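# Structural description and commentary
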Amino acid sequence: MKAQTMMVAQLLVGGMMLMAHSSVAADLNAGLNTQLLIRQYNGTQGTQRQEADRFFRQGIEQERAGFSDKAIDSYLQALNLYRSIQEVEAQAPIYDALGQAYSQVGRFIEAEDALRRRLAIARDLKDFQGQVYGFNNLGTLLLQRASLLEAQKTFADGLKIAKDTRYRAGEGLSLSNLGLVAYGLGNYDQAIALYEQARTLRGQAGDPGEANTLNNLGDAYRAVRDYRSALISYRQALFVAQNSVDRSSQYRALSGLTQAFYGLGQNSNASTTLDQRLSLALDQNDSKQVISTLRDLAKFYSAKGDYTAADGYYQQAFAIAQTINDSKEQEGLLREIGVLRSRKYIQQ
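### A short note on unusual backbone geometry
Of note in this structure, Gln-86 is not a glycine but carries a positive phi near 60°. With respect to the helices, strands and loops of the structure, Gln-86 is situated in the loop between helix H3 (68-84) and helix H4 (88-104). A positive phi angle is found at Ala-146, which is not glycine, with a value near 65°. Inspection of the secondary structure puts Ala-146 in the loop between helix H6 (128-144) and helix H7 (148-164).

What follows is the structure, encoded as structure tokens:
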């Protein structure tokens, strides 16, 4: 097997535990932007302000560790303290964070309420950039709830403000999100046109979210089976993501490259990108991505008819799932292993 396979085997034999990966979304297209910078907005000082900031930081760390329920409690304690000292501006990123956390645990009504409150603060303060992000945050949530037309209107509201204030990064963000709506409606050519506009604006603004837009563009080109254009988009996304150290976009770009190579019939290149993705996941100690990539490698070798190699990759993925106590992954992998072994038995 490949060198990466040996690396995984050594990790398992050595009993090293891979850390689970969880982080706050870095770009609105991938999730809700939490804008987690804590500042001394009104120059407020004292014990309550310090305690509020501490709860906020604690919530951020809990969210990044994957404990959204605990993060919600911390954010609410911070919010109550900010309210008590009349620190209005500091409440805006708290509501963003609450929207993210509530969304993660499926509490969408509370998530929407938090994001609408965040938008209201931006309006009261005449914070136009905050309004652009507020509309895009809210639209992203609506998109997650499959309210496509409502999301479209919300993103359009954000786009209008961004255009009126000549905020290029906000224009690019809003256009990119409108591209997501078009894609969700099956209007792939329209999605491509919107993404192309968005990636230009985000690139000009130096917005690292350009990587996410480029990945979206690659997906849209794949949807119309233009695999060569998809390949170019994913490669550009990978370059931008590497420069901005955006791990999630790197994984997504590598996954997209694999699919584009499949579409072009370049299976050896597809295998190479899978190996690259596995190396990155191992380097980052990202157990979820390691499992996901091993699973894809298993499917790759299964499609080639090499059931022994496929079984080996599945076994390594299952061992890691056991190590991190991920019962859901274990159940899914056991089902896939069973299907693989049935095929292997029939072939014999």
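### What to know about the confidence of the model for the chain
Of the residues in the chain, 86% reach a pLDDT of 70 or more, and the chain-wide mean stands at 87. Within the model, the stretch residues 1-42 combines pLDDT values under 50 with 115 contacts to residues more than four positions away or in other chains.

### A closer look at the packing of helix H10 (residues 210-223) against helix H12 (residues 247-263)
It is at 10 Å that the axes of H10 and H12 come closest, and there the two elements cross at 20°. Here H10 lies roughly parallel to H12, going by the angle between them. Of the two possible hands of crossing, H10 and H12 adopt the one that is left-handed. Only Ser-249, Arg-252, Ala-253, Gly-256, Gln-259 and Ala-260 of H12 make contact with H10, whose side of the interface consists of Ala-211, Asn-212, Asn-215, Asn-216, Asp-219 and Arg-222. Here the residues of the contact of H10 with H12 are counted per class, giving three nonpolar, six polar and three charged.

### As for the packing of aromatic side chains
What the rule picks out here adds up to six aromatic pairs. Relative to Tyr-75, the ring of Phe-56 has its centre 6.0 Å away and its plane inclined at 80°; by these criteria the two rings are edge-to-face. Highlighted residues: Phe-56 in helix H2 (residues 47-64) and Tyr-75 in helix H3, separated in sequence by 19 residues. With 5.2 Å between their ring centres and 90° between their planes, Phe-300 and Tyr-301 make a pair best called edge-to-face. Note on accessibility: Phe-300 and Tyr-301 belong to one class, buried. Here the aromatic residues Tyr-262, Phe-300, Tyr-301 and Tyr-313 are joined through ring pairs into a cluster of three or more. Sitting above the plane of the Phe-55 ring, Arg-54 keeps its charged end 4.6 Å from the centroid.

### So, the nonpolar core
In this structure, Phe-56, Tyr-75, Ile-94 and Leu-98 are the most contacted members of the largest nonpolar core, which totals 86 residues. Ranked by residues supplied to this core, first place goes to helix H15 (residues 307-323) with nine residues. Sequence-distant contacts of Leu-98, that is, excluding residues within four places in its chain, are made with Ile-72, Tyr-75, Leu-76, Leu-79 and Ala-114. Ranked by size, the runner-up nonpolar core spans seven residues in total, among them Leu-119, Ile-161, Ala-162 and Ala-169.

### Description of the pattern of salt bridges
Using the criterion set out here, one finds 21 salt bridges in the structure. Measuring nitrogen to oxygen at the nearest pair gives 2.9 Å for the salt bridge that ties Asp-164 to Lys-160. Highlighted residues: Asp-164 and Lys-160, both in helix H7, separated by four residues, approximately one helical turn. An identical accessibility class is assigned to Asp-164 and Lys-160; each is exposed. Put simply, Arg-199 and Glu-196 hold a salt bridge, and the shortest N to O gap is 3.2 Å. A residue pair is termed a helical-turn pair when its members lie 3 or 4 positions apart in one helix, as Arg-199 and Glu-196 do in helix H9 (residues 188-204) at three residues. By relative accessible area, which is 17% here, Arg-199 ends up buried. What makes Glu-196 partly exposed here is its relative accessible area of 26%. Beyond isolated ion pairs, a larger network of salt bridges with shared partners links Glu-112, Arg-116, Arg-145 and Glu-150.

### Remarks on helix H8 (residues 168-184)
Taking 1.5 Å per residue, 17 residues should reach 24 Å; H8 reaches 24 Å between its end C-alpha atoms and fits that length. Counting buried residues in H8 gives 14 out of 17 residues, a clear majority hidden from the surface. Phi for Gly-186, located one or two positions after H8, is positive at around 85°.

### A look at the side chain of Ser-74
Turning to its location among the elements, Ser-74 is positioned in helix H3. A distance of 2.7 Å separates a polar atom in the side chain of Ser-74 from a polar atom in the side chain of Gln-62. Among all residues touching Ser-74, those that are not within four sequence positions of it are Phe-55, Gln-58, Gly-59 and Gln-62.

### Quick look at the packing of helix H11 (residues 227-243) against H12
With their axes 9 Å apart at the nearest point, H11 and H12 run at an angle of 160° to one another. With respect to each other, H11 and H12 are oriented roughly antiparallel. Remark: the crossing between H11 and H12 carries left-handed chirality. Contact with H11, carried on its side by Tyr-227, Ala-230, Leu-231, Tyr-234, Arg-235, Ala-237, Leu-238, Ala-241 and Gln-242, involves Ser-249, Gln-250, Ala-253, Leu-254, Gly-256, Leu-257, Ala-260, Phe-261 and Gly-263 of H12 and no other residues of that element.

The rules behind the values
- Residues numbered from 1 in each chain as written.
- Predicted model: local features only at pLDDT ≥ 70, side-chain atom pairs only at ≥ 80, totals over all residues.
- Heavy atoms only, no water.
- Helix = DSSP H or I, 4+ residues; strand = E, 2+ residues; numbered from the N terminus.
- pLDDT = per-residue confidence, 0-100.
- Contact = heavy atoms within 4.5 Å.
- Axes fitted to C-alpha atoms, helices over the stretch in contact; angles between N-to-C directions.
- Parallel < 35°, antiparallel > 145°, perpendicular 65-115°, else oblique.
- Left-handed = near helix turned anticlockwise from the far one by under 90°.
- Nonpolar A, V, L, I, M, F, W, Y, C, P; charged D, E, K, R; others polar.
- Phe/Tyr/Trp six-rings, centres within 6.5 Å; stacked < 30°, edge-to-face > 60°.
- Buried < 20%, exposed > 50% of the residue type's maximum accessible area, 1.4 Å probe, protein only.
- Lys NZ or Arg CZ within 6 Å of the ring centre and 35° of its normal.
- Core = buried A, V, L, I, M, F, W, Y, C linked by side-chain atoms within 4.5 Å.
- Salt bridge = Lys/Arg side-chain N within 4 Å of Asp/Glu carboxyl O.
- Expected span 1.5 Å × (residues − 1).
- Polar contact = N/O pair within 3.5 Å; in protein donor to acceptor, adjacent residues only side chain to side chain.

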